[in-house]
Amino acid sequence: MDVDLALLADTKGFLHPDEGRRLYELALEAGKLGPCLEVGSYCGKSTVWLGAACRQNGTVLFSIDHHRGSAEQQPGEPYFDPELFDPRTFRIDTFPFFRATLARAGLEDTVVALVCSSQLAARHWTTPLGLVFIDGSHDFQSVRQDYRMWSRHLPAGGYLLFHDVFPDPADGGRGPYQVYREAISRGQYDVLPMTGCLGILRRRP
Ligand code: MG
């Protein structure tokens, strides 16, 4: 496994190493079906794990983020990080951090950065995907929209992953959990054991 753990420890983000390792293993398997895609790049922590597997498979990872931060990352909000605030534009800008992570991880020939909203990236999308990792805006409507826009590009055997799935409301927001449940209720996916708060579904034949 060609993943730089020191780089990961030095990269901002909210992904536990156990979850990262699982992402890597799933992407390694999914890469046989097609390229992988993540919604919500932030500073590139999950990108390092998924990208390493894609590099090993000779496929690519599409990584989507407008890089302006989610609602809870804005000034005055609980996840605001002043280092990510660009005083020239007076906006959050995580793209320089993301780009530096890609360079340090040696992933510039593997990761396709899409610097735009998930909705815009999806508008003309036609490529089948081996794995979709949903970790963008965490409000219910956004997660649901990401689920609906991207899951339709998964072939049989493709993985649909949600981050921050919290069955117990005391642990965090409801959006990802509710959409994860909705996806399961449609009967098109096998449910695999979770790793941390990573929900894992596999498309049935
Ligand atoms: Mg997350």
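Please refer to the structure higher up on the page.
The sections below set out a description of the structure shown in this document.

Rules and cut-offs
Within each chain, residues carry numbers counting from 1 in the order of the written sequence. Side-chain atom pairs in this predicted model are given and counted only at pLDDT of 80 or more, local residue features only at pLDDT of at least 70, and totals for whole chains, interfaces and linings cover all residues. As a convention, hydrogens and water are excluded, and side-chain values are obtained from all of the structure's heavy atoms. Only DSSP runs of H or I reaching four residues or more are called helices, and only runs of E reaching two or more are called strands; each is numbered from the N terminus. Under the rule applied, a polar contact is a pair of N or O atoms within 3.5 Å (in protein, one hydrogen donor and one hydrogen acceptor; residues adjacent in sequence only if both atoms are side-chain atoms). Among the buried residues, those of types Ala, Val, Leu, Ile, Met, Phe, Trp, Tyr and Cys that are joined through side-chain atoms within 4.5 Å form a nonpolar core. Three labels apply to residues, based on accessible area from a 1.4 Å probe with only protein chains included: buried if under 20% of the type maximum, exposed if over 50%, partly exposed otherwise in between. Stacked, tilted and edge-to-face are the three classes applied to pairs of Phe, Tyr and Trp rings, where Trp contributes its six-membered ring and a pair requires centres within 6.5 Å; stacked means planes under 30 degrees apart, edge-to-face means over 60, and tilted covers the rest. Definitions used throughout: a 1 Å grid over protein atoms alone; a cavity as a set of points that fits a 1.4 Å probe which cannot get out; a pocket as an open set with protein on both sides within 12 Å along at least five of seven lines; a lining residue as one with an atom within 4 Å of a point. Grid points are joined across faces, edges and corners, and a volume is the space filled by probe spheres set on the points. All residues other than Ala, Val, Leu, Ile, Met, Phe, Trp, Tyr, Cys, Pro, Asp, Glu, Lys and Arg, Gly among them, are scored as polar; the first ten of these are nonpolar and the last four charged. Metal-coordinating donors are taken as N, O and S atoms lying within 2.8 Å of the metal, or within 3.2 Å when the metal is Na, K or Ca; because water is left out, some sites can appear incomplete. Whether two residues are in contact is decided by their heavy atoms, any of which lying within 4.5 Å being enough. The rule for a disulfide is simple: a pair of cysteine sulfur atoms within 2.5 Å. Any carboxyl oxygen of Asp or Glu that lies within 4 Å of a side-chain nitrogen of Lys or Arg is treated as forming a salt bridge with it.

**As for the side chain of S46**
Turning to step 1, where the next piece is worked out: Position of S46 relative to the elements: it lies in helix 3 (residues 45-57).
Turning to step 2, where the next piece is worked out: Reaching out from S46, the side chain makes a polar contact with the side chain of E38 at a distance of 2.6 Å.

**Topic: the nonpolar core**
Turning to step 1, where the next piece is worked out: Judged by nonpolar contacts, the single largest core of 29 residues is most densely connected at L23, L131, Y159 and L161.
Turning to step 2, where the next piece is worked out: Mapped by element, the contributors of at least two residues to this core are helix 1 (5-9), helix 2 (17-30), helix 3, helix 4 (95-104), strand 6 (131-134), strand 7 (159-162) and strand 9 (198-203).
Turning to step 3, where the next piece is worked out: Of all hydrophobic cores here, the second largest spans 26 residues; its members include F62, L129, W150 and L201.

**So, the packing of aromatic side chains**
Turning to step 1, where the next piece is worked out: Overall, the coordinates contain 9 aromatic pairs when judged by the stated rule.
Turning to step 2, where the next piece is worked out: Ring geometry for F85 versus F90: centroids 5.1 Å apart, planes at 75°, classification edge-to-face.
Turning to step 3, where the next piece is worked out: Residues Y147 and F162 carry aromatic rings whose centres are separated by 6.3 Å and whose planes lie at 50° to one another, so their mutual orientation is tilted. In this pair, Y147 sits in helix 6 (residues 140-151) while F162 sits in strand 7, placing the two residues 15 residues apart along the sequence. Here Y147 and F162 have matching classes, each one buried.
Turning to step 4, where the next piece is worked out: Three or more aromatic residues link up through ring pairs in this structure, and these residues are F14, Y42 and Y79.

**Some remarks on the layout of surface pockets**
Turning to step 1, where the next piece is worked out: Taken as a whole, the largest pocket spans an internal volume of roughly 830 Å³.
Turning to step 2, where the next piece is worked out: In terms of lining residues, the largest pocket is bounded by 42 residues, among which S70, D135, G136, S137 and H138 are the most central.
Turning to step 3, where the next piece is worked out: At the level of secondary structure, the elements contributing two or more residues to the lining of the largest pocket comprise helix 3, helix 5 (118-122) and helix 6.
Turning to step 4, where the next piece is worked out: Sorting elements by how many residues they give to the lining of the largest pocket places helix 6 first, with 4 residues.
Turning to step 5, where the next piece is worked out: Of the residues assigned to the lining of the largest pocket, the class counts are 12 nonpolar, 21 polar and 9 charged.

**Let's talk about the coordination of the magnesium ion**
Turning to step 1, where the next piece is worked out: In the first shell of the magnesium ion, the protein supplies D135 (OD), H163 (ND1) and D164 (OD), at 2.2 to 2.3 Å from the metal.
Turning to step 2, where the next piece is worked out: Between consecutive donor residues of the magnesium ion, the sequence gaps follow D-x27-H-D. Linking D135 in the loop between strand 6 and helix 6 with H163 in the loop between strand 7 and helix 7 (175-185), this pair joins segments that are 28 residues apart in sequence.
Turning to step 3, where the next piece is worked out: Using a relative accessible area of 1% as the deciding quantity, one classes H163 as buried.

**Points about the side chain of T59**
Turning to step 1, where the next piece is worked out: Summarising the element assignment, T59 is placed in the loop between helix 3 and strand 2 (61-64).
Turning to step 2, where the next piece is worked out: By relative accessible area, which is 17% here, T59 ends up buried.
Turning to step 3, where the next piece is worked out: Ignoring sequence-local partners within four residues, the contact set of T59 consists of G31, G34, P35, C54 and T110.

**Notes on the state of the cysteines**
Turning to step 1, where the next piece is worked out: Counted by the stated rule, this structure contains 0 disulfides.
Turning to step 2, where the next piece is worked out: The thiol of C116 is unpaired, and the distance to the nearest cysteine sulfur, on C43, comes to 18 Å.

**Points about the pattern of salt bridges**
Turning to step 1, where the next piece is worked out: Within this structure, the stated rule accounts for 8 salt bridges.
Turning to step 2, where the next piece is worked out: R144 is paired through a salt bridge with E182; the nearest N and O atoms lie 3.1 Å apart. Within this pair, whereas R144 is found in helix 6, its partner E182 is found in helix 7, the two being separated by 38 residues in sequence.
Turning to step 3, where the next piece is worked out: On the basis of relative accessible area, R144 is assigned to the partly exposed category, the value being 23%.
Turning to step 4, where the next piece is worked out: Under the relative-accessibility criterion, E182 is labelled buried at 13%.
Turning to step 5, where the next piece is worked out: Salt bridges sharing common partners tie together K12, D81 and E83.

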